[in-house]
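# Coordinate inspection notes
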Amino acid sequence: MSGTPPRPRRFPASMPTTGGTPQDRLLRPQAHLHQIERERRVQSVPQGVGLDSPRVRQKMVERLKADGISHPSVLDAFLQVPRHLFVDTALVNQAYEDTSLPIGLGQTISKPSVVAAMMQLLCARPGLGALGGPGSGFRPDRPLGPCLEIGTGCGYQAALLACLATRVVSIERIRELHVKARQHLDAVAPLMGRSLMDVRLVHGDGMLGHAPSAPYHTIIAAAGGAAVPPAWLDQLAPGGRLVAPVAVSGGTQVLTVIDRLADGSLKHAQAGVVLFVPLKSGLS
Ligand code: SAH
C-alpha cells in the first residue's frame, strides 16, 4: 500500500471511531501520553460510584454500544472484567474511560473501544458456522474457540478474551509485564469465577506464535509490525480469523483481517486505520 492512508471503513462489522478532528478519528488503542492527558480532561468516571460497582462498567458498555459494538458476549465480557485492577493505583480513576493508559516499560493498555471492535470482528468471522458441526467441540457460548493473543501487556485483554474463548494463549516479550499480567489475572480470577480458568501466559517472542497449542480459531495482535508473521498464518485453523495491525506507508497502521477459508486459502481485508505499539522481535 502507498499514498494516502486508507480511511476507516466498515468491514464486516462497524468499527468505532473516536470522533472529533479527522486525526482523532483514527483508532488509537495506544495513544501517546499527551493524548491520554487531553482525553482524561474531557471524560470522567461517574462521581460517587465506587470502581468496584458494576454501574461504572455498565457506563463503559453503554459507550461501546453507542460506538457500534453489539455482540452480546463482547459487551458482557467488558461488564465482567474489572479494568481498574489491571492498571496502577495512580490511574484507577481513569480505568473506565475510553482511553489507553500507560502500564510501564513504555507500553500501554489498549483503548476499550478498539479492543471491543477487534473482538467483535473475531466473533463475526464467516468460518464460525462451519465449526459448529456435531462432535466439533465448538461452544456457542465461547465463540472465539482456542485463541492466541500476541502482546499480553497488563493482561486486561487476555481476561476479556478468556470470557469468550475455550482457551487463551497470550504471549508477551517483556518479562516484567508477563509477570505483572500473571499477578493481575490471579487477583481477578476469584472475582470472575470460571471465565479465567484457561489462560496460558507465555514469556516469548510472539512473532513465532505458539506452535505447541496450535491451531487457533482466533488470533489477535496488540502490537503492529511491517507484515503479518508467517507463523501466525501457519497456526490459524481453517475457518479461523486473525486480526492484527499492520504498518503500511508512512508509518500508518491498518487493522488487517485475515480469514483462513475451509480450503486452506487466505482472504485478506482491512478494517480501518489504527495506532498500536510496534511489534518487536526478541525478548526483554
Ligand atoms: N493487550 C494488552 C496491550 C499491551 S500493548 C493489554 O491489555 O494490556 C502491546 C504489548 O505487545 C506490549 O506489552 C509489548 O511488549 C508487546 N509486544 C510487542 N512485540 C511483541 C512480540 N514480538 N511478542 C510478544 N509481545 C510483544
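This report concerns the structure included in the present document. (Residues numbered from 1 in each chain as written. Predicted model: local features only at pLDDT ≥ 70, side-chain atom pairs only at ≥ 80, totals over all residues. Heavy atoms only, no water.)

## Focus on the pairing of strand β1 (residues 101–104)
Here three bridges tie β1 to strand β2 (residues 107–109), and the two strands are oriented antiparallel to one another. By the bridge assignment for β2, glycine 104 is matched with glutamine 107. Linking two consecutive strands that pair antiparallel, namely β1 and β2, is a turn of two residues; a positive phi of about 55 degrees is found at leucine 105 within it. (Pairing = 2+ DSSP bridges. Helix = DSSP H or I, 4+ residues; strand = E, 2+ residues; numbered from the N terminus.)

## Here's the deal with the site of the ligand
Close to the ligand lie 27 residues; Cys154, Glu172, Asp205, Gly206 and Lys280 are nearest. One of the side-chain nitrogen or oxygen atoms of glutamate 172 is found 2.6 Å away from an oxygen atom of the ligand. Relative to its unbound accessible surface of 580 Å², the ligand loses 99% to contact with the protein. Here the ligand occupies the largest pocket. Those elements giving two or more residues to the shell around the ligand turn out to be β2, α5 (156–164), β4 (165–172) and β11 (277–278). The element that contributes the greatest number of residues to the shell around the ligand is β2, accounting for three residues. Taken together, the residues of the shell around the ligand break down into twelve nonpolar, ten polar and five charged. (Near = heavy atom within 4 Å. Polar contact = N/O pair within 3.5 Å; in protein donor to acceptor, adjacent residues only side chain to side chain. Areas by Shrake-Rupley, 256 points an atom, 1.4 Å probe, with all protein chains shown as cover. 1 Å grid on protein atoms, 1.4 Å probe; cavity = no way out; pocket = protein on both sides within 12 Å on 5 of 7 lines; lining within 4 Å. Sits in = over half its atoms within 2 Å of the grid points. Nonpolar A, V, L, I, M, F, W, Y, C, P; charged D, E, K, R; others polar.)

## Brief notes about the pattern of salt bridges
Using the criterion set out here, one finds five salt bridges in the structure. Aspartate 141 is the partner of arginine 139 in a salt bridge, and the nearest nitrogen-oxygen pair spans 3.0 Å. By relative accessible area, which is 34% here, arginine 139 ends up partly exposed. (Salt bridge = Lys/Arg side-chain N within 4 Å of Asp/Glu carboxyl O. Buried < 20%, exposed > 50% of the residue type's maximum accessible area, 1.4 Å probe, protein only.)

## Some words on the sheet that holds strand β3 (residues 145–150)
Read across the open sheet, the seven strands follow the order β5-β4-β3-β6-β8-β9-β10; overall the sheet is mixed. The open sheet is flanked by β5 (199–203) and β10 (266–274), the only strands paired with a single partner. Sheet twist, expressed as the average angle between the axes of neighbouring strands with direction ignored, equals 15 degrees. Both strand β8 (residues 236–247) and strand β9 (residues 253–260) contribute to a ladder of seven bridges, which runs antiparallel. The partner of valine 246 across the bridge, within β9, is valine 254. Here helix α6 (residues 175–192) sits on the sheet and contacts β4 and β5; the angle it forms with β5, its principal contact strand, is near 160 degrees. (Axes fitted to C-alpha atoms, helices over the stretch in contact; angles between N-to-C directions. Contact = heavy atoms within 4.5 Å.)

## Examining the nonpolar core
In this structure, Phe78, Phe86, Met119 and Tyr156 are the most contacted members of the largest nonpolar core, which totals 58 residues. Per-element accounting of this core gives the leading share, nine residues, to helix α4 (residues 112–123). With near-sequence residues (within four places) excluded, phenylalanine 86 lies in contact with Val81, Ile109, Cys154, Gly155, Tyr156, Ala159, His184, Leu185 and Val188. Membership of the second largest hydrophobic core comes to 19 residues, among which are Val228, Trp232, Ile258 and Val277. (Core = buried A, V, L, I, M, F, W, Y, C linked by side-chain atoms within 4.5 Å.)

## Quick look at the packing of helix α3 (residues 72–80) against α5
Remark: α3 packs on α5, axes separated minimally by 9 Å, with the N-to-C direction vectors making an angle of 130 degrees. On the basis of their axis angle, the class for α3 and α5 is oblique. As for how α3 packs across α5, the hand of that crossing is right-handed. Along the contact surface, α3 presents Ser73, Val74, Ala77, Phe78 and Gln80, while α5 presents Tyr156, Leu160, Cys163 and Leu164. For the contact of α3 with α5, a count of residues per class yields seven nonpolar, two polar and no charged. (Parallel < 35°, antiparallel > 145°, perpendicular 65-115°, else oblique. Left-handed = near helix turned anticlockwise from the far one by under 90°.)

## Some details on α3
Those residues of α3 that fall on the buried side of the exposure criterion are Val74, Leu75, Ala77 and Phe78. All buried residues of α3 project into a common sector of 155 degrees when viewed along the axis, lining one side. Buried residues along α3 sit against α2 (54–66), α4 and α5. (Arc of directions from axis to C-beta.)

## A word on the side chain of histidine 84
Relative to the assigned elements, histidine 84 resides in the loop between α3 and β1. According to the relative accessible area criterion, histidine 84 is buried, its value standing at 7%. There is a polar contact of 2.7 Å between the side chain of histidine 84 and the side chain of tyrosine 96. Once residues within four sequence positions are removed from consideration, histidine 84 is found in contact with Leu51, Asp52, Arg57, Val92, Ala95 and Tyr96.

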